[in-house]
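Topology and contacts: notes
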Amino acid sequence: MAIVKSKNEKYRVWLAHGLLWLFLAMILLPLFMVIAISFRDGNFSSGSLIPENPTLDHWRLALGIAVENSDGSVTQPPFPVLLWLWNSVKVAAVTSVLVLALSTTCAYAFARMAFKGKKILLEGMLIFQMFPAVLALVALYALFDKVGQYIPFLGLNTHGGLIFAYLGGIALHVWTIKGYFETIDKSLEEAAALDGASPWQTFRMILLPLSVPILAVVFILSFIAAITEVPVASILLRDVNQYTLAVGMQQYLYPQNYLWGDFAAAAVLSAIPITLVFILAQRWLVGGLTAGGNKG
Amino acid sequence: MPTSDASTVSTPWLKWFILALVSLIGGYAVVLMYAKGESSFALLTLILVTAGVIIFARKETYAHRYIYPGMAAVVLFIIFPLLYTVSIAFTNYSGSNQLSYERVQQQFLQRTFADDRYQFKFQIYHTDNDKVLLFFSQADKKLISEPVALDQNLQQVSLQATDTPPTGNQAKLMVVTKNRNILSNLAVFTPDGTQLAMSGLRQFAAKTPLYTLAADGESLVNQQTNEQIKPNFDIGFYQAVNPTGEFVGKPMAPGFVVSAGWFNFERILTDEGIQGPFIKIFIWTVIFAGLTVVFTLAVGMVLASVVQWEGLKGKAVYRMLLILPYAVPAFISILIFKGLFNQSFGEINQVIEGLFGIRINWFTDPILAKTMILIVNTWLGYPYIMILCMGLLKSIPADLYEASAIDGANPIQNFFKITFPLMIKPLTPLLIASFAFNFNNFVLIQLLTNGAPDIIGSSTPAGHTDLLVSYTYRIAFEGGGGQDFGLASAIATLIFLMVGGLALLNLKASKNQLA
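Note that the coordinates shown come from a computational prediction; the quantities given were computed from them, not determined experimentally.

Membership of the largest hydrophobic core comes to 206 residues, with the highest contact counts inside it found for A:Tyr252, B:Leu322 and B:Leu427. Per-domain counts for this core show at least three residues from each of domain 1 (11–99) and domain 4 (268–514) of chain B. Not counting chain neighbours up to four residues away, the residues in contact with B:Leu322 comprise A:Leu20, A:Phe23, A:Leu24, B:Leu303, B:Val307, B:Tyr382, B:Pro383 and B:Met386. In terms of nonpolar packing, the next biggest core, distinct from the first, is built from 23 residues, B:Ile124, B:Leu134, B:Val157 and B:Leu196 among them.

All right, on to the packing of aromatic side chains then. Counted under the stated rule, the structure contains 51 aromatic pairs over all chains. Put simply, the rings of A:Phe79, A:Trp84, A:Tyr243, A:Tyr252, A:Tyr258, A:Trp260 and A:Phe263 pair up and form one aromatic cluster. Between B:Lys15 and the ring centre of B:Trp16, over which it is positioned, the NZ or CZ distance is 5.2 Å. Its end group placed over the ring of B:Phe108, B:Arg111 keeps NZ or CZ at 4.4 Å from the ring centre.

Take the UniProt feature "domain: ABC transmembrane type-1" (unreviewed entry) in chain A next. UniProt feature "domain: ABC transmembrane type-1" (unreviewed entry): in the numbering of this structure it lies at residues 85–281 of chain A. Secondary structure across residues 85–281 of chain A comprises 72% helix and 2% strand; the distance between its end C-alpha atoms is 20 Å.

Moving on, we come to the UniProt feature "transmembrane region" (unreviewed entry) in chain A. Residues and elements named next belong to chain A. The positions UniProt marks with the feature "transmembrane region" (unreviewed entry) are residues 12–39, 91–111, 120–143, 163–181, 202–227 and 258–281. This span, residues 120–143, is 67% helix and 0% strand, and a straight line between its end C-alpha atoms measures 26 Å. When the span residues 163–181 is considered, its composition is 79% helix and 0% strand, and the gap between its end C-alpha atoms is 26 Å.

A few words on the sheet that holds strand β14 (residues 237–240) of chain B. Residues and elements named next belong to chain B. Overall, antiparallel pairing links the four strands, which are arranged β11-β12-β13-β14 in an open sheet. Of all the strands in the sheet, just β11 (211–213) and β14 have a single pairing partner and so form its edges. Within this sheet the neighbouring strands show an average axis-to-axis angle of 35°, counted without direction. Inspection of the sheet shows β11 paired to strand β12 (residues 220–222) by three bridges, in the antiparallel sense. Bridged to Tyr 211 within β12 is Asn 222. Where helix α5 (residues 101–110) meets the sheet, its contacts fall on β11, β12, β13 (228–232) and β14, and the angle it forms with β11 comes to roughly 130°.

Another point: the interface of chain A and chain B. With 94 residues of chain A at the interface, the matching set in chain B holds 100 residues. Residue A:Arg40 pairs with B:Glu347 through a salt bridge whose shortest N-O separation is 2.8 Å. At the boundary of chain A with chain B, the tally comes to eight residue pairs in polar contact (both at pLDDT 80 or more). Looking at side-chain class alone, the side of chain A that touches chain B contains 69 nonpolar, 17 polar and eight charged residues.

This part is about the UniProt feature "transmembrane region" (unreviewed entry) in chain B. Residue and element names in this part refer to chain B. Following the UniProt record, the feature "transmembrane region" (unreviewed entry) maps to residues 12–35, 41–57, 66–90, 281–304, 316–337, 372–393, 427–448 and 485–507 here. Taken end to end, residues 316–337 comprises 91% helix and 0% strand; its first and last C-alpha atoms sit 27 Å apart. Between the end C-alpha atoms of residues 427–448 there is a gap of 29 Å, over a span that is 91% helix and 0% strand.

What follows concerns the confidence of the model for chain A. Residue and element names in this part refer to chain A. For chain A, the average pLDDT comes to 84, and 91% of its residues sit at 70 or higher. Looking at the elements of chain A, mean pLDDT is at its lowest for helix α13 (residues 260–294), recorded as 76, and at its highest for helix α3 (residues 81–112), recorded as 93. Confidence over residues 291–296 falls short of pLDDT 50; this stretch has nine contacts with residues more than four positions distant or in other chains.

The next point concerns the packing of α3(A) against helix α4 (residues 62–88) of chain B. Running from amino to carboxyl end, α3(A) crosses α4(B) at an angle of 135°, the nearest separation of the two axes being 8 Å. Here α4(B) runs oblique to α3(A), going by the angle between their axes. As α3(A) runs across α4(B), the sense of the crossing is left-handed. Here α3(A) contributes A:Leu102, A:Thr105, A:Cys106, A:Tyr108, A:Ala109 and A:Phe110 to the contact with α4(B), which in turn contributes B:Ala63, B:Tyr66, B:Ile67, B:Pro69, B:Gly70, B:Met71 and B:Ala73. Grouping the constituent residues of the contact of α3(A) with α4(B) by class yields eleven nonpolar, two polar and no charged.

Residue and element names in this part refer to chain B. All told, the structure shown has eleven salt bridges over all chains when counted by the stated rule. Across the pair Asp 466 and Arg 474 runs a salt bridge whose closest N-O atoms are separated by 2.5 Å. Grouping residues by exposure puts Asp 466 and Arg 474 together as buried. With its nearest N and O atoms 3.3 Å apart, the salt bridge here joins Glu 478 to Arg 474. On the basis of relative accessibility, which here comes to 5%, the residue Arg 474 falls in the buried class. Connected through salt bridges with shared partners, the residues Asp 454, Asp 466, Arg 474 and Glu 478 form a single ionic network.

Let us look at the side chain of A:Glu189. For A:Glu189, the position within the fold is in helix α8 (residues 187–194). A:Glu189 has contacts with A:Tyr108, A:Arg112, A:Thr202, A:Ile206 and A:Leu207, leaving out every residue within four places of it along the chain.

Residue and element names in this part refer to chain B. Pairing analysis gives seven bridges linking strand β2 (residues 112–126) to strand β10 (residues 203–209), with the strands arranged antiparallel. Bridged to Phe 113 within β10 is Thr 208. Where β2 and strand β3 (residues 132–138) come together, six bridges link them in antiparallel fashion. Bridge pairing in β3 places Lys 121 opposite Ser 137. Adjacent in sequence and paired antiparallel, β2 and β3 are bridged by five residues. Taken together, the two bridges between β2 and strand β7 (residues 169–170) define a ladder with antiparallel strand orientation. If you follow Tyr 125 over to β7, its bridge partner there is Gln 170.

Conventions used here
Numbers given for residues are sequential positions, taken from 1 along each chain in its written order. To label them, take the chains in the order written and letter them from A, then take the ligands in the order written and number them from 1. Residues qualify for local features only when their pLDDT is at least 70, as the model is predicted, and side-chain atom pairs are given and counted only at 80 or more; totals for whole chains, interfaces and linings, by contrast, use all residues. Hydrogens and water molecules were not included; the side-chain quantities draw on all heavy atoms of the structure. Buried Ala, Val, Leu, Ile, Met, Phe, Trp, Tyr and Cys residues form a nonpolar core when they are joined through side-chain atoms within 4.5 Å. Exposed residues in this analysis have more than 50% of their type's maximum accessible area, buried residues have under 20%, and partly exposed residues fall in between, with area computed by a 1.4 Å probe over protein chains only. Residue ranges for the domains trace back to a domain assignment, done automatically or taken from a database. What makes two residues a contact is simply this: any of their non-hydrogen atoms within 4.5 Å. Two rings from Phe, Tyr or Trp (for Trp, the six-membered ring) form a pair when their centres sit within 6.5 Å of each other. Planes less than 30 degrees apart are called stacked, planes more than 60 degrees apart edge-to-face, and all others tilted. Consider the ring centre and the ring normal. A charge sits over the ring if Lys NZ or Arg CZ is within 6 Å of that centre and within 35 degrees of that normal. UniProt positions are given in the numbering used here, feature names are shortened, and annotations may be inferred rather than shown by experiment. Each helix is a run of H or I in the DSSP string that is no shorter than four residues. Each strand is a run of E no shorter than two, and both are numbered from the N terminus. Pairing between two strands requires that DSSP report at least two bridges joining them. Convention adopted: a line fitted to C-alpha atoms gives each axis, helices being fitted over their contacting stretch, and angles between N-to-C directions are expressed from 0 to 180 degrees. Salt bridge, as used here, is a side-chain nitrogen of Lys or Arg placed within 4 Å of a carboxyl oxygen of Asp or Glu. Polar contacts here mean pairs of N or O atoms no more than 3.5 Å apart (in protein, one a potential hydrogen donor and the other a potential acceptor; neighbouring residues in sequence count only if both atoms are side-chain atoms). By the convention adopted, Pro, Cys, Tyr, Trp, Phe, Met, Ile, Leu, Val and Ala count as nonpolar, Lys, Arg, Asp and Glu as charged, and the other residues, Gly among them, as polar. Residue-level confidence of the predictor, termed pLDDT, takes values from 0 up to 100. Under this scheme an angle from 65 to 115 degrees is roughly perpendicular, one under 35 degrees roughly parallel, and one over 145 degrees roughly antiparallel; angles in between are oblique. By convention the crossing between two helices is left-handed if the near helix lies anticlockwise of the far one by an angle smaller than a right angle, and right-handed if it lies clockwise.

Encoded structure:
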């Protein structure tokens, strides 16, 4: 490309590099600090960025291994972090599969079929997804209290109930998938229909296999959304062993039981897999984010 | 080709059978719920089941079959809770008034008192095997049980009259205390059928209902004191009445739910302990959401422009590192900041103290707490705007910059004269959405400050850094304010209206763009 270069271009590039690194140092400092703190001795002590007496105690506790102190006493792991991580992954994975099933079928009808009330439903979904669940927590609590009386595994303090509650958040995904379906040429489906395939068959045999990329994006988006959700989970789940990570991690930093070092190790431990998923999927997510947003 | 749509193609009878079954079960559930006085849940089930059956029964609504499951989920978990919340706003539903009137009446009627006429002394005797005998005596009356094992399976015992106390070893009081749970759940029946229950460590007594329903079908009469109480439907409590029917006594717990009309909304407008904090929190919420959008937009857009710059090497690395704050789950990074900003042992204060010798009250000074929240939220939010801007920057034609370079413009002029004006229009709906999201950014406040520092003179839990959502949450779920669900729902209803307005605005902004 024949961009006209100004004379001080080189000087500007160096300035940009310098400023970017300065900015990055500032932005990433908290993350480095937490990693350092997770290796630091004790739960209160202060220290330099690189710990003087590095210890793996916090990591052992985070992994559920009891630690023997120098005075002979044994510290038990304060919280079942790995169980929480497993709970989170379980809830998020099942939620994402169900969200995918619900939103693809919806999106198919919205993209390919003509029916009454289509426009109202589509716009209605967009408006309703802006209302935060936090505001309806009292109602959600009452709802699951009632549901639990008839179907116990979907009641309060169950993962089934939590997964169920997350199924309401399909609106944006329906829009994203619908947008993708609309970019796929209809001629294949029309040919299949001529051969006598039912709409369900064309959907399952033709459209779905063609849409794997967007399905992956939606799966990851709803997976991350479910893992990082706090308010609904903290209202529905009551037992420490039922907690998801997002609910459980708060337990470390109560003023009366402040476990800063233990928290740091648990935080790094649980943030790593989620962050990795995000970074690996980032390339596709960026497309999904802008697609979902722009289509409004 | 295998048919995956068996119910509509090959076996129509199966489809009708399933539909009939669903209607039956659904109908039964609706009747059951309605009978229990849960009319809103009955209505919800009725609507969902009817819609489902109609949609799957008729050929004309074939397309709707595809959207039914998804729409049912939206109705169940978004729209119903919304409407239910609005309906709670018009009631006195709260920690002290949780149950329906019928349930409270039932509870009062189930209350019993130990009737002195049927009070028995009670003793346990060991028998030869591990079993025990329960022995009851009252003046000259003596009753005894069969030999029974004292364990969780023991739930009721029938007594027989006897002339002499049993001969075995009398158990020590310790045995009674040890088995207290079993004994206190034990139903004991005398030969004439009266039910006795434990009333003390050494005593069993007959339990007779404390209240009986009066002739008017509402009032209850206390059998012990003959006092008459009556439900007061204005406040949702039973109260004692005098002979002329006026309420004179204290409200008696538990209360029941009654309609409160516009009372909760009136409180927001007129009650000083609520109106003051409400307005303060509302203003802060708007400022917070607005400043967050401005800061994240400024940082994100500048970074996007720099990172997309042709001459810069290592763009991919910068991009990845800059996105990191967005990639780390927010609930973890917010808690990390909570620890780092901690006033006594936080690393940030230690650094500042080392450098300048001052200690900053991040959590007790309102202005500083708000500053901290904005810093953290900008950290959390700029990568999202940056990602969006990077996508949009690609669509700006390069010859515009070419032309400006010929005219001798510097990068700063480029940014303000070309980049910003061209990007702000497509960004508008996204910024409105971002504003709406931050307007309701509950997780940030809940995890970082939980509203601290507190607003003084507020009659509900309220803090300087509370947003309307977290304020609502605390009114509903924090013990101190008595769990006022009605008031919380009234505030939530007001927020619904504002969010609805924002949503419509957003829809309009994005339509403008397509046009």
